[in-house]
Amino acid sequence: MPFATLDGIKTNYIIKGAGPHLLMMAPRGFESTLQSWDHGKWKDMDAINALSKHFTVVAYDRREAGQSGGRVEVLTWTVFALHAKLLLEHLDIERAFVLGVCMGVGVAAKFASLYPEACTGLILAQPVGGYRWKLRTHGFFDRHIAYVRQHGLAAVRSRAKGQNFMRDPEAGPWASAMANDAAFAERFVKQDLDAYLSLLVQSRDALFPDTFVSGPPPEVLMMIDTPTSIWPGDDASHSTSGAQQLRELMPRMQYWDLHPSQQTPENMLERIVAFRQVVETTGLPPSPAMPGPAMPPVT
């Protein structure tokens, strides 16, 4: 698999298939990697291979995840979206459908708000949000902050064995980058401790300020004039309320009113392909009521 250097950050990606481009923003929270598509229903779908029969798929390890690198700075939806845009520019791709799943929904929605000219359509599947998700994510950051205060940055570097932030919160958001890059790890331990702790608090509060669906704030979502397909989740991290908030605010959306237990690898693939057909034929005009008209079956 190739690597690209995007604004100084090494990025692991693949490109495969034919047809309109589909930029895939992986699920599993901070563990947003190519391997994340090998879990759950996406694994059963064989997502990258199946979707590459209908799209030119671009999938990647998000910065600070997998084999991609990172940079110690305040983490926001904007920096994650910029990373994705730079990947498209590296590949000379002007426009793409964007599939965001789980925490990838926040990145995808921010991408559409910042780069509307680059976003043909959005598929936002099982967005994260809600009170329990906020508690969980704040817990990740707070555990790392406590560990740093007690043990220092050198201990963080020693703990960083490639485990993702969500698997080992004490190792922090840059654990993968330290495991992949000895020079990065050396710079990490030399930074100012108090400045780093402040940066962590800023990142936590920028990404997860409240219980609203993770990603852009309501006033930004209302301005996203991009055809959007929204799929609900229904568990502690992927609250149904998060999908409903997107449904209520995004002006050109269709809502898949189907419980996640009934979302199967087969009908998920059909839904994505049908969405492409709708966008390419009608453009998905603004929805005066919810939900929008049913999508046509895939033939």
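In the block above lies the structure referred to throughout.
My aim in this report is to walk through the structure given alongside it, one point at a time.

Definitions and cut-offs
- Residues numbered from 1 in each chain as written.
- Predicted model: local features only at pLDDT ≥ 70, side-chain atom pairs only at ≥ 80, totals over all residues.
- Heavy atoms only, no water.
- Helix = DSSP H or I, 4+ residues; strand = E, 2+ residues; numbered from the N terminus.
- Contact = heavy atoms within 4.5 Å.
- Salt bridge = Lys/Arg side-chain N within 4 Å of Asp/Glu carboxyl O.
- Buried < 20%, exposed > 50% of the residue type's maximum accessible area, 1.4 Å probe, protein only.
- Phe/Tyr/Trp six-rings, centres within 6.5 Å; stacked < 30°, edge-to-face > 60°.
- Lys NZ or Arg CZ within 6 Å of the ring centre and 35° of its normal.

Section: the environment of M45
So, step 1. Within the secondary structure, M45 sits in helix 1 (residues 40-45).
So, step 2. C-alpha separation for the pair M45 and E266, spaced 221 residues apart in sequence, amounts to 6.9 Å.
So, step 3. Setting aside its immediate chain neighbours within four residues, M45 contacts A50, P265, M268 and L269.

A short note on the pattern of salt bridges
So, step 1. Under the definition given, this model contains 16 salt bridges.
So, step 2. R63 is the partner of E73 in a salt bridge, and the nearest nitrogen-oxygen pair spans 2.7 Å. Within this pair, whereas E73 is found in the loop between strand 4 (56-60) and helix 3 (77-90), its partner R63 is found in the loop between strand 4 and helix 3, the two being separated by 10 residues in sequence.

Quick word on the environment of P20
So, step 1. With respect to the secondary-structure elements, P20 resides in the loop between strand 2 (9-17) and strand 3 (21-25).
So, step 2. Residue P20 is classed as partly exposed on the basis of its relative accessible area, which comes to 22%.
So, step 3. If we skip the residues at most four places from it in the chain, P20 touches H54, F55, T56, F97, R276 and E280.

Observations regarding the packing of aromatic side chains
So, step 1. One pass over the full model with this rule turns up 16 aromatic pairs.
So, step 2. Between F97 and F275, the aromatic rings sit 6.2 Å apart at their centres with planes inclined by 75 degrees, giving edge-to-face as the arrangement. One end of the pair, F97, is in strand 5 (residues 96-101); the other, F275, is in helix 12 (residues 265-281), with 178 residues separating them in the sequence.
So, step 3. By relative accessible area, which is 0% here, F275 ends up buried.
So, step 4. An aromatic cluster of three or more residues is present, and its members are F30, W77, F80, W133, F140, F141, F165 and F208.
So, step 5. It is K85 that lies over the ring of Y115; its NZ or CZ is 5.4 Å from the centre.
So, step 6. Above the face of the Y147 ring, R159 is positioned so that its terminal group lies 5.1 Å from the ring centre.

Focus: unusual backbone geometry
So, step 1. A positive phi angle, close to 65 degrees, is found at E64, a residue other than glycine.
So, step 2. As for its placement among the helices and strands, E64 is situated in the loop between strand 4 and helix 3.
So, step 3. According to the relative accessible area criterion, E64 is buried, its value standing at 6%.
So, step 4. Residues other than glycine seldom take positive phi values, yet D92 does so here, at roughly 60 degrees.
So, step 5. Tracing the chain through its elements places D92 in the loop between helix 3 and strand 5.

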